[in-house]
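# Observations on chain architecture
Residues per chain are reported as follows:
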Amino acid sequence: MSTSSARNPLIALRRRGAAGGVILPHRSIWSLNLPGRRLAIGLALTLLFTLLLSLAKPWISLFWVEQMREWMQALGLAQQIGVDDAVPSSQGQYLLSLPVPMVHLQMPAPVRPLLMIHGGVAVLAWLAVGFLPDAGRPATYLVRFAAMIHLCAVVFFAFWAPVFPHDETGHIAWGLHRNWLFMLLTPWLHLFTYYMFPFPWWQRIALTGLTVGWLALLGPLQFALHAQALAVFGIVVMPLLETLAGVMLPILGMVALFGWAMSWNDPEDLQG
């Protein structure tokens, strides 16, 4: 036992498990090797992607506006679309801000007859999936979770609709802005995860580029779908959209691309 452990018994005790044995460091920690060159390349790539995204902001904003306008026209929605171009005065906040499309929809009001239909459909969905075979059990959990969320929304709008603080314009604008924040966060997430592994530099660029591109393409497509659902079913479906088709979609895509990239291998340049 070391001198410090003998001096303070708590130091020795915290290294022992429930059975009294000493807890040794995991073998992955023993073999952890983070060369300075790899860290430097990773940090340089992260800063480069952040700089490129800051320079590409006007084009990303224009792309999203044009894509949303085309989707609104293709879906036949009666709407007006503009751009929120308010830019905070703080230079630090400027990187986080992005002019995004502002979509205004004509939606059915959450009146009692409509809410009763929504509630009835949710209850029927809950009951119907109970007849699925065991192989469909995952779908049962998902559908019943969605039905529960929707039933809660129906009850809320039946009694407290006037106090609902969100509208379709803010919902879509915030969703697009959130995708922009994910785009900015992506290279920094990869710096502390993928860039720590001995993959060549070009594979690190490929993963971050693919992820940022996925988020850029997903934004207008995802929230055009939200706009269509809101225009047809009304604001009562907004909680369900946010729960199942909101923040989880970009996260699932980012995780899927990361998992795919972990299978990449270049044996000739593995120590890049």
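Residues numbered from 1 in each chain as written. Predicted model: local features only at pLDDT ≥ 70, side-chain atom pairs only at ≥ 80, totals over all residues. Heavy atoms only, no water.

### Side note on the UniProt feature "transmembrane region" (unreviewed entry) in the protein
Per the UniProt record, "transmembrane region" (unreviewed entry) is found at residues 39–60, 111–129, 141–160, 180–202, 214–238 and 244–262. Between the end C-alpha atoms of residues 111–129 there is a gap of 28 Å, over a span that is 89% helix and 0% strand. Between the C-alpha atoms that bound residues 141–160 there is a distance of 28 Å. The span itself is 100% helix and 0% strand. (UniProt positions renumbered as here; feature names shortened; annotations may be inferred. Helix = DSSP H or I, 4+ residues; strand = E, 2+ residues; numbered from the N terminus.)

### Things to note about the nonpolar core
Counting 40 residues, the largest nonpolar core has Trp-180 and Met-183 as the members making the most contacts within it. For this core, the leading source of residues is helix 9 (residues 201–233), giving 9 residues. Apart from residues lying up to four places away in sequence, Trp-180 is in contact with Leu-53, Lys-57, Ile-60, Trp-64, Leu-95, Leu-96, Ser-97 and Leu-98. One finds Phe-49, Leu-191, Tyr-194 and Phe-199 within the second-largest nonpolar core, a separate group that totals 10 residues. (Core = buried A, V, L, I, M, F, W, Y, C linked by side-chain atoms within 4.5 Å. Buried < 20%, exposed > 50% of the residue type's maximum accessible area, 1.4 Å probe, protein only. Contact = heavy atoms within 4.5 Å.)

### Observations concerning the side chain of Thr-46
Here Thr-46 lies in helix 4 (residues 36–75). A polar contact is formed between the side chain of Thr-46 and the backbone oxygen of Gly-42, at a distance of 2.8 Å. With sequence-adjacent residues up to four places away left out, Thr-46 is seen in contact with Pro-187, Trp-188, Leu-191 and Tyr-195. (Polar contact = N/O pair within 3.5 Å; in protein donor to acceptor, adjacent residues only side chain to side chain.)

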